[in-house]
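If you want the building blocks of each chain, they are given just below.
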Amino acid sequence: QVQLVESGGGLVQAGGSLRLSCAASGRTFSTYTMGWFRQAPGKERDFVAAISWAGGLLYYANSVKGRFTISRDNAKKTVYLQMNSLKPEDTAVYYCAAVGKGYGCYDPLYEYDYWGQGTQVTVSS
């Protein structure tokens with residue numbers, strides 16, 4: 001069982017930056033692929049980024065490529081999402097997710113076994 005807790009959300013002006021963190025419990029964090037998803041009001045939950053168990057594979061949605069960076073620290077059992085050059089359309093609740101098959105990166109929601117409660121990111125224009 002893995003429990004995930006996101007933090008770092010907030011209100012930022014367009015062009016600004018935020019770093020989200022996702023702290024995990026459980027002994028097997030280092031074997032999990034970790035992902036970030038987001039859900040804007042009235043819209044479906046969308047894939048943002050994923051990182052394989054050792055960080056060797058990274059995968060980004062086209063909408064964030066070049067602006068967002070996913071990373072992880074297995075010793076701290078934490079995954080990060082550095083978000084730069086934020087746009088109003090990045091406004092959403094951001095969710096952290098984990099899947100036990102840590103050798104790849106995955107974008108479908110159904111691939112992920114565990115989810116955090118989400119953290120709100122609001123980008124003002």
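An account of the accompanying structure is given in this report. Just so it is clear, the structure is predicted and the values come from calculations on it, not from any experiment. (Residues numbered from 1 in each chain as written. Predicted model: local features only at pLDDT ≥ 70, side-chain atom pairs only at ≥ 80, totals over all residues. Heavy atoms only, no water.)

Now for the state of the cysteines. What the rule picks out here adds up to one disulfide. The residue that forms a disulfide with C22 is C96, at a sulfur-sulfur distance of 2.1 Å. The disulfide joining C22 to C96 has a torsion of about -80 degrees about its S-S bond and is therefore left-handed. Placement of C22 in strand β3 (residues 18-24) and of C96 in strand β9 (residues 92-99) is noted, with a sequence separation of 74 residues between them. Taken individually, C22 and C96 each receive the classification buried, so the pair is uniform in this respect. C96 supplies the cysteine sulfur nearest to C105, a cysteine that is in no disulfide, at a spacing of 13 Å. (Disulfide = S-S within 2.5 Å. Helix = DSSP H or I, 4+ residues; strand = E, 2+ residues; numbered from the N terminus. Buried < 20%, exposed > 50% of the residue type's maximum accessible area, 1.4 Å probe, protein only.)

This next bit is on the pairing of strand β4 (residues 33-39). Within β4, six of the seven residues are buried, which leaves the element mostly enclosed by the surrounding structure. The hairpin formed by β4 and strand β5 (residues 45-51) contains five residues between the paired strands, and G42 there has a positive phi angle of roughly 75 degrees. (Pairing = 2+ DSSP bridges.)

So, on to the sheet that holds strand β7 (residues 68-73). Reading across from one edge, β1-β3-β8-β7 is the order of the four strands in this open sheet, with antiparallel pairing throughout. For this open sheet the edge positions go to β1 (4-7) and β7, each flanked by a neighbour on one side alone. Put simply, the sheet's adjacent strands are angled 15 degrees from each other on average, direction ignored. Bridge count between β3 and strand β8 (residues 78-83): six bridges; the pairing is antiparallel. The residue bridging S21 from the neighbouring strand is Y80, located in β8. (Axes fitted to C-alpha atoms, helices over the stretch in contact; angles between N-to-C directions.)

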